[in-house]
Amino acid sequence: MADKSMVEYSDYAMESTGLTGMISSGLPEIAGEKTKMKKRKPKERIYVCHTYYHVYVACLKELTLPRAMRGKADLVLSTMSNDFGSLKERAEKSGLFEAVFMFEEKEEHAFPQLARYHEDHGNLVFNLFSRMIFTKLYGKLQQPYVPVDFKKYQDIYVFCDSDPIGYYLNYKKIHYHAVEDGLDCICYYDTARYDNRGHFGLKAFLAAHNLIFIQNGYSKYCVDMEVNNTSILKYPCSKYIEQPREAMVRRLTQDDKNTILRIFMEDLDTLMTQLTTGVHHEHKVLVLTEPLCELPVREQIFRDIVAKYGKDAQVILKPHPRDVLDYHKLFPDDIVLDGKFPMEILNFIEGLEFDQVVSVYTVPDSIHFAKEKVFLGDDFMDLYEDPQKHRFNEQIF
């Protein structure tokens, strides 16, 4: 097994370094390609987004640029974990992006041949060799589904580079900027260190030399990683750069806010009618759902939250875009909003105010429309499932 793995890895190493192409195509052709590259003017920016929140941050980044620089970026929407509905069309109409592409990004289970590289050989060295092969092969297998030539762009911003796009860009040796997946999410779940607990220093060294892949600032071709607040992170990374989301929001004009509302809201009038009428509408409580644990446990969690915080109030539930629980059926007497927009959009609706907003793990710091923010966190989740299932950072070693 070890000998075969080494042979396979050598093949992928040859291919990824370009030696195979040099031998087969000859130096004159390569020289010609270099001449073409010099003539080709690179595009400016592209954002690879996996969630509505990612698109929201991409909009913030574009809207905080000088007006002369806007409208020159492209947007990629990955369909791997979200249904973006008609967001593509609205983003195109906004004028904020030059082009919007859909990316049929493929999860690992789409390629059965990858499973063998997760087998435990009972030996760290053999396991790392398998991971080296996996890293290159997984990146290579994404290639038919990638909708753009990333080499044409000066700056590539990737939200959640732990997804296959991270493997692809490192396989192709393309530099990119990583962007924090969710607001302060690394503080509560440092996926890079949790996924690679045990010999992390060695693994980070291998990732820095593109032999394996580690997300969130540890890969060789990750230029830097934008995070909201470096001061709250337990484990520093040399590539972390602080880019506070709130600072970007404060720079928005009302026209900028209206642009964001048009991108994310399909029917703002209906939403406003829902939020300004009905029994107890003077006392509003917003509950942010999340794709937590198994569905029966998740149902009990939100039934308990509504029972505790929704007494004598108008309860509005905002489903997470990836939450498949049927809240319309579970809470027929309450308002269930469309899940296909980030909660931060509600900040831009003038006059909207809630008495409370309640979340389990969604960090509510960016919310301006609530008098009180209730963040329940790990202690609350301990009541519903084994703490090892959600206290991830405590398991890092």
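Structural notes, computed from the coordinates.

Reading guide: rules and limits
- Residues numbered from 1 in each chain as written.
- Predicted model: local features only at pLDDT ≥ 70, side-chain atom pairs only at ≥ 80, totals over all residues.
- Heavy atoms only, no water.
- Helix = DSSP H or I, 4+ residues; strand = E, 2+ residues; numbered from the N terminus.
- Buried < 20%, exposed > 50% of the residue type's maximum accessible area, 1.4 Å probe, protein only.
- Contact = heavy atoms within 4.5 Å.
- Areas by Shrake-Rupley, 256 points an atom, 1.4 Å probe, with all protein chains shown as cover.
- Core = buried A, V, L, I, M, F, W, Y, C linked by side-chain atoms within 4.5 Å.
- Pairing = 2+ DSSP bridges.
- Axes fitted to C-alpha atoms, helices over the stretch in contact; angles between N-to-C directions.
- Parallel < 35°, antiparallel > 145°, perpendicular 65-115°, else oblique.
- Left-handed = near helix turned anticlockwise from the far one by under 90°.
- Nonpolar A, V, L, I, M, F, W, Y, C, P; charged D, E, K, R; others polar.
- Patch = residues over 30% accessible without salt bridge, like charges linked within 9 Å, V, L, I, M, F, W, Y side chains within 5 Å.
- Salt bridge = Lys/Arg side-chain N within 4 Å of Asp/Glu carboxyl O.
- Expected span 1.5 Å × (residues − 1).
- Polar contact = N/O pair within 3.5 Å; in protein donor to acceptor, adjacent residues only side chain to side chain.

### Quick word on the overall build of the protein chain
Moving on, step 1. When you go through the protein chain residue by residue, the secondary structure sums to 16 helices and 12 strands.
Moving on, step 2. Across the 397 residues in the protein chain, those meeting the buried criterion constitute 50%.
Moving on, step 3. Across the protein chain, every contact between residues at least 6 apart in sequence was considered, and the portion connecting residues at least 24 apart equals 67%.
Moving on, step 4. Accessible surface for the protein chain amounts to roughly 19,100 Å². Of this, 53% is attributable to carbon and sulfur atoms.

### Observations regarding the environment of Val357
Moving on, step 1. Here Val357 lies in strand E11 (residues 354-359).
Moving on, step 2. Assessed through its relative accessible area of 1%, Val357 is described here as buried.
Moving on, step 3. Residues Val357 and Glu372, 15 residues apart in the sequence, show an inter-C-alpha distance of 6.5 Å.

### Comments concerning the nonpolar core
Moving on, step 1. One finds Tyr56, Leu75, Phe97, Ile260 and Phe264 to be the most contacted residues of the largest nonpolar core, which totals 52 residues.
Moving on, step 2. The element contributing the most residues to this core is helix H4 (residues 52-63), with nine residues.
Moving on, step 3. Ranked by size, the runner-up nonpolar core spans 43 residues in total, among them Leu169, Ile174, Ala178 and Cys222.

### Points about the pairing of E11
Moving on, step 1. Within E11, six of the six residues are buried, leaving the element largely enclosed by the surrounding structure.
Moving on, step 2. Pairing of E11 with strand E12 (residues 370-375), which is carried by five bridges, proceeds in the parallel orientation. Each bridged residue has a counterpart across the sheet, and for Val358 the counterpart in E12 is Val374.

### Observations concerning the packing of helix H6 (residues 124-142) against helix H10 (residues 200-208)
Moving on, step 1. Remark: H6 packs on H10, axes separated minimally by 12 Å, with the N-to-C direction vectors making an angle of 30°. Put simply, H6 runs roughly parallel to H10. Crossing hand, H6 versus H10: right-handed. Residues Leu124, Leu128, Arg131 and Met132 of H6 form the contact with H10, whose own contacting residues are Leu202, Lys203 and Leu206.
Moving on, step 2. A breakdown of the residues in the contact of H6 with H10 according to their chemical character gives five nonpolar, no polar and two charged.

### A look at a nonpolar patch on the surface
Moving on, step 1. Taken together, the side chains of Leu124, Leu202 and Phe205 define a hydrophobic patch exposed on the protein surface, amounting to about 250 Å² of accessible area.
Moving on, step 2. Mapped onto the elements of the fold, Leu202 is located in helix H10.

### Examining the pattern of salt bridges
Moving on, step 1. The full count for this structure, using the stated rule, is 18 salt bridges.
Moving on, step 2. One salt bridge connects Arg45 with Glu62, and the closest N-O pair in it is separated by 2.8 Å. One end of the pair, Arg45, is in strand E1 (residues 43-49); the other, Glu62, is in helix H4, with 17 residues separating them in the sequence.
Moving on, step 3. Of the residues examined, Arg45 reaches a relative accessible area of 7% and is grouped as buried.
Moving on, step 4. Glu62 gets classed as buried once you look at its relative accessible area, which sits at 0%.
Moving on, step 5. A salt bridge links Arg70 to Asp256; the shortest N-O distance between them is 3.2 Å. Of this pair, Arg70 sits in the loop between H4 and strand E2 (73-78) while Asp256 sits in helix H12 (residues 254-264); the two residues are 186 residues apart in sequence, bridging distant segments of the chain. Residue Arg70 shares its accessibility class with Asp256, and that shared class is buried.
Moving on, step 6. Three or more residues are tied together by salt bridges with common partners; here these are Asp378, Asp379, Asp382, Arg391 and Glu394.

### A word on the sheet that holds strand E5 (residues 176-179)
Strands belonging to one sheet form pairs held by backbone hydrogen bonds; the direction of such a pair is parallel or antiparallel.
Moving on, step 1. Pairing is parallel across the open sheet formed by seven strands, whose spatial order is E3-E2-E1-E4-E5-E6-E7. Each edge of the sheet is formed by a strand with only one pairing partner; in this case those strands are strand E3 (97-103) and strand E7 (240-242). Taken pair by pair, the neighbouring strands of this sheet meet at an average axis angle of 25°, ignoring direction.

### Overview of H4
Structural remark: α-helix, 3.6 residues per turn; residues separated by three or four positions point the same way.
Moving on, step 1. Look at H4: 16 Å from first C-alpha to last across 12 residues, which is about the 16 Å you get at 1.5 Å a residue.
Moving on, step 2. Buried residues dominate H4, accounting for 12 of its 12 residues.
Moving on, step 3. Here H4 has its buried residues at Tyr52, Tyr53, His54, Val55, Tyr56, Val57, Ala58, Cys59, Leu60, Lys61, Glu62 and Leu63.
Moving on, step 4. Regarding H4, its N-cap is Thr51, as a side-chain oxygen of that residue lies 3.3 Å from the backbone nitrogen of Tyr53 further along.

### Looking at unusual backbone geometry
Moving on, step 1. Residue Cys160 is not a glycine yet carries a positive backbone phi of 65°.
Moving on, step 2. By relative accessible area, Cys160 is classed as buried at 14%.
Moving on, step 3. Of note, Asn216 is a non-glycine position whose phi angle comes to about 60°, a positive value.
Moving on, step 4. Take Asn216: it is sitting in the loop between H10 and strand E6 (222-227).

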